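Overview (structure and organization)
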Amino acid sequence: MLSATPAKEIVSLERVGLQYNDDKTVFQNVSYNVFMGDFYFLTGHSGAGKTSLLKILYKSVRPTYGRVSVFGYDVDSLDRSDLPVFRQHIGLIFQDCRLIENLSIVDNVALSMHIAGSLYKRSRAYAKELLDWVGLGDKLNSFPDVLSDGQKQRVSIARAVVKRPALLLADEPTGNLDDDNAFRLMALFEELHRMGTTVILATHNNQLTKNFEYPQLMLKNGTLFVNIQKEGGKGRAAV
Ligand SMILES: Nc1ncnc2c1ncn2[C@@H]1O[C@H](COP(=O)(O)OP(=O)(O)OP(=O)(O)O)[C@@H](O)[C@H]1O
Ligand SMILES: [Mg+2]
């Protein structure tokens, strides 16, 4: 049964470490709080642990040690049966899209809103609006297998934002997009942020981090650094 303690932090990490099996440590002793209304880029080279850290936040990966709470829930103590409710308020954009192959793209986007209780007709109408916005208004009834990778990515973004989540965890959401589309989608994330969503956006895209002045969480050599300064500053370790 879910029970929350009141918390101003949306995400709280206390001395969190991760090591897969007997492999080398991915990160160690990461402590950081993300507050309601924050917007962070999560950066770091390939293999630094960005996806792993996001997975820990939605309980797809269990940290090796440390305490993680999201929305005030102690993530480790959530049962499998709690997860749908816990994730109801999290918008997830996966690096590999994960669309449902046997649903049209409009239904892929409408589904989470419908599951959350909206009428099917209303969910589809809002899904159409969002798909128009991401430039896929002419593909509503297509199935994922006929879309390019960038188009799939745009569908997965529409799907994540359709339920106006309290927390958006976006893993390389613009990885398959050209700069024009990436900037357009950043405008969508900013709009969502303005409406109150807390955003953590993992990215390799230097154009985004250069052009949008949000603070950065950077994973490097197993340590989380925060507020990396522009012009080559080093930032400070988040411990
Ligand atoms: N399920 C797993 N089992 C074992 N090792 C894993 C697993 N998932 C990731 N790793 C390893 O953990 C490290 C961090 O991977 P992760 O995918 O979190 O990095 P990333 O920063 O998201 O990289 P990229 O920018 O390429 O997406 C890598 O060395 C990776 O090989
Ligand atoms: Mg990744």
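Here's what I pulled together on the structure shown here. (Residues numbered from 1 in each chain as written. Chains lettered and ligands numbered in written order. Predicted model: local features only at pLDDT ≥ 70, side-chain atom pairs only at ≥ 80, totals over all residues.)

**Details of the site of ligand 1**
For ligand 1, the full set of nearby residues is Y20, D23, V26, G44, S46, G47, A48, G49, K50, T51, S52 and Q95. At three residues, helix α1 (residues 50-57) tops the list of elements feeding residues into the shell around ligand 1. Broken down by class, the residue content of the shell around ligand 1 amounts to three nonpolar, seven polar and two charged. (Near = placed C-beta within 6 Å. Helix = DSSP H or I, 4+ residues; strand = E, 2+ residues; numbered from the N terminus. Nonpolar A, V, L, I, M, F, W, Y, C, P; charged D, E, K, R; others polar.)

**As for the pairing of strand β4 (residues 65-70)**
With five bridges joining them, strand β1 (residues 9-19) and β4 adopt antiparallel strand pairing. Paired with E14 across the strands is R67, a residue of β4. Summarising the sheet, β4 and strand β5 (residues 73-74) pair through two bridges and their orientation is antiparallel. Paired with V70 across the strands is Y73, a residue of β5. (Pairing = 2+ DSSP bridges.)

**Here's the deal with unusual backbone geometry**
Positioned with a positive phi, K59 is a non-glycine residue whose angle comes to about 60°. Relative to the helices and strands, K59 is located in the loop between α1 and β4. A positive phi is found at N221, a non-glycine position, where the angle reads about 50°. Structurally, N221 can be placed in the loop between β9 (216-220) and β10 (223-226). In this structure N221 comes out as exposed when scored by C-beta crowding, with 11 C-beta atoms within 10 Å. (Buried ≥ 20, exposed ≤ 12 C-beta atoms within 10 Å, placed from the backbone.)

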